[in-house]
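Chains, contacts and geometry: an overview
Here's the letter readout for the chains.
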Amino acid sequence: MGEKLILTVSPHFTGKRTTQNIMLDVILALAPAVIVSVILFGLRAIAVYASTVISAVVFEYAFDRITKKENTIKDLSAIITGLLLAMNLPVTIPLWQAVVGTFFAIVIVKCLFGGLGKNFANPAIVGRIVMLLAFTSAMSAAPSFLGSVDAVSSATPLAVINSGDIRSLSLMKLFLGQCSGALGETCAAALLLGGLYLIIRDVISWHTPVTFIATVYLGSLIVTGSPYEALLCILSGGLFLGAIFMATDYVTTPTTKWGQVVFGIGCGLLTFIIRFWGSYPEGVSFSILLMNILTPFIDKWTRKKPFGGIAA
Amino acid sequence: MKKSNIVLKGLLKENPVFVLLLGTCPTLATSTSVISALAMGLAATAVLICSNIVISALRNVIPDKVRIPCYIVVIAGFVTIVQLLMQAYLPSLYEMLGVYLALIVVNCIILGRAEGYANSHKVGEAALDGLGMGIGFLLALLCMAIIREVLGNGSFAGMAIPFLKDHCIPILVQSPGGFLVFGIMIALVSALTNGKAPIKKSFDCEGCPSAKACGKLTCSGCANEEKEAAVND
């Protein structure tokens, strides 16, 4: 009899979706961008992906073993962190540096704070920022894609925009990813495809990505004064990658719909400010990290009043 | 308490940096290289032992109401001696430490031991406490400096290490790296001592140096107030 009376706290309904299941969807959504990046940047891209993904899983497994915690690599989140971090790196990055970045992302940002669900910041973002500060020259390299005109390297689109030569960029090339930059950020088309898949599968909601990109578009429109140039601005840099895959992380972004809108607008404003007036050419990762820190407050401000409840 | 225990407790169980969390500023600032960490640790240890001895000897003479200024005068005297000696005989080290040498005057570890230990213990015990705490500070600085210099700069005490020289992580020498290493070391020490390191007694009213001024005659007064504050939050 005692076994039949199960006393647990709510929620009492359980769905079929599991963490593993959702993470698998995200990996599938990242697949087009990963494949395109290998086509664009060559086989060394595979080595970069392999080094971050394998080291992410190894670090998480080792941390769980050393601290005698439950083995958590099966939830696949370490693989996503590894993939996202690699997508933020240039193809020429030395592999040992990629492993160091993964160590920061997995061990320091995620595991030391208690593992998935307890980290306050997006591991891949912090990994990238630590690498940007630690290995500045290797990280700001701008390797060109295979088959580009200049064989060695070319300026990233954002560097071109900063130098004022914005008209030399081609909208179509930016959309398809035929420009220099980090592995996964160049091809907006592949990232959009992945984002649509996630929205259709109900893994993410449209609020954050749309408001994020729209805010950057509006800001760029005001500064450049031309809708076409503003479009070039949002297609360059890591905006789509950040808005679709990193600003929608469950753990580090608001849970309410209005909160997600606030989050997206905040990210967009910060990105736009850093891009046009900051000392770094790209501001997507910094803006997401700063908004990650504000997430608990955004959640608190936008919490719905329960029916019949008293306003807090 | 046994004499050896007075010295040993400063090394790990009551390590001033990793357990009592005192002296964070010089720890972060001078642990960028092994040499500056060693110099800082030795200078602070010398000042700590001397000031503990003098303050303990004067503990019945110093009026309670102006004790902090008195401690500062004693400590500042010894810091000036160390500073002038270093300037005369080790000018390059003096340059390296810069303002942090003079800042030993307001180092929390030294003031904290004067307030928390030397003013209530005999001269001999106070000297041993100063020695233990000083060595604890020195060891903590050295641990952090070795991690930061070897991994962050690829060298040890200025000598380049062949393989690591080309594979260093410069952020560890910068200030964010200092905080990272600091946090990880605190976690490690806490794990080594099972998180039981700080002795609770020294933090309640008995050990509280402001107990008289506080006006709460018993500890329960303090505790109740904390509870109320927690509820109000």
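Residues numbered from 1 in each chain as written. Chains lettered and ligands numbered in written order. Predicted model: local features only at pLDDT ≥ 70, side-chain atom pairs only at ≥ 80, totals over all residues. Heavy atoms only, no water.

**Side note on the confidence of the model for chain B**
We apply this condition: pLDDT expresses how confident the predictor is about each individual residue, on a scale running from 0 to 100. Contact between two residues is taken to exist if any of their heavy atoms lie within 4.5 Å; hydrogens are not considered.
Chain-level statistics for chain B give a pLDDT mean of 82 and a share of 83% at 70 or above. Note on residues 226–233 of chain B: pLDDT is under 50 here. Beyond four places in sequence and across chains, it has 0 contacts.

**Things to note about the nonpolar core**
All names here are of chain A. Where we set the bar: We call a set of buried Ala, Val, Leu, Ile, Met, Phe, Trp, Tyr and Cys residues a nonpolar core when their side-chain atoms join them within 4.5 Å. Between buried and exposed lies partly exposed: a residue is buried under 20% and exposed over 50% of the maximum accessible area for its type, with that area taken using a 1.4 Å probe on protein chains only.
One finds Leu84, Met87, Phe212 and Phe245 to be the most contacted residues of the largest nonpolar core, which totals 120 residues. Not counting chain neighbours up to four residues away, the residues in contact with Phe245 comprise Val26, Ala29, Leu30, Leu84, Leu191, Gly194, Gly195, Leu198 and Phe240. Listed in part, the 6 residues of the second largest apolar core include Ala56, Phe63, Ala78 and Ile106.

**Some points on unusual backbone geometry**
Rule in force here: The numbering of helices and of strands both runs from the N terminus, where a helix is a DSSP run of H or I of at least 4 residues and a strand a run of E of at least 2.
Phi at Lys68 of chain A takes a positive value of approximately 55°, unusual for a residue other than glycine. Here Lys68 of chain A is to be found in the loop between helix 2 (44–66) and helix 3 (77–87). You will see that Leu21 of chain B, though not glycine, has its phi angle at about 55°, which is positive. For Leu21 of chain B, the position within the fold is in the loop between helix 1 (3–8) and helix 2 (24–30).

**Concerning a nonpolar patch on the surface**
Counted only if it meets this: Every patch collects residues that have over 30% relative accessible area and no salt bridge, joining them within 9 Å if they carry like charges and within 5 Å if they are nonpolar side chains (Val, Leu, Ile, Met, Phe, Trp, Tyr). For the accessible areas, the method is Shrake-Rupley and the probe is 1.4 Å, while residue cover comes only from the protein chains on display. What makes a salt bridge here is a side-chain nitrogen of Lys or Arg within 4 Å of a carboxyl oxygen of Asp or Glu, nothing more.
Judged by side-chain polarity, Leu112, Phe113, Phe120, Leu290 and Ile293 of chain A together with Ile184 and Leu188 of chain B come together as a nonpolar surface patch covering roughly 620 Å² of accessible area. Broken down by secondary-structure element, the contributors of at least two residues to the nonpolar patch are helix 14 (284–301) of chain A together with helix 10 (175–192) of chain B. Here Phe113 of chain A shows up in the loop between helix 4 (95–110) and helix 5 (123–134). Note on Phe113 of chain A: relative accessible area 43%, which makes it partly exposed.

**Thoughts on the interface of chain A and chain B**
Just so we agree on the cut-off: Once two parts are joined, some of their accessible surface, as seen by a 1.4 Å probe, is lost; buried area is that loss totalled over both. By the criterion applied in these results, polar contacts are pairs of N or O atoms within 3.5 Å in which, for protein atoms, one can donate a hydrogen and the other can accept it, and in which residues neighboring in sequence qualify only through two side-chain atoms. Lys, Arg, Asp and Glu make up the charged group, whereas Ala, Val, Leu, Ile, Met, Phe, Trp, Tyr, Cys and Pro make up the nonpolar group; the residues left over, Gly among them, are polar.
Taken together, the 9 residues of chain A in the interface contact 9 residues of chain B. The contact between chain A and chain B buries some 740 Å² in all, and 85% of this surface belongs to carbon and sulfur atoms. When the buried area of chain A at its contact with chain B is split by residue, Trp96, Phe104 and Ala134 of chain A rank highest and sum to 52% of it. Between chain A and chain B we count 0 salt bridges in total. For the pair chain A and chain B, the interface holds 0 residue pairs in polar contact (both at pLDDT 80 or more). Every element with two or more residues in the side of chain A that touches chain B is listed here: helix 4 and helix 5 of chain A. Residue composition of the side of chain A that touches chain B, grouped by class: 9 nonpolar, no polar and no charged.

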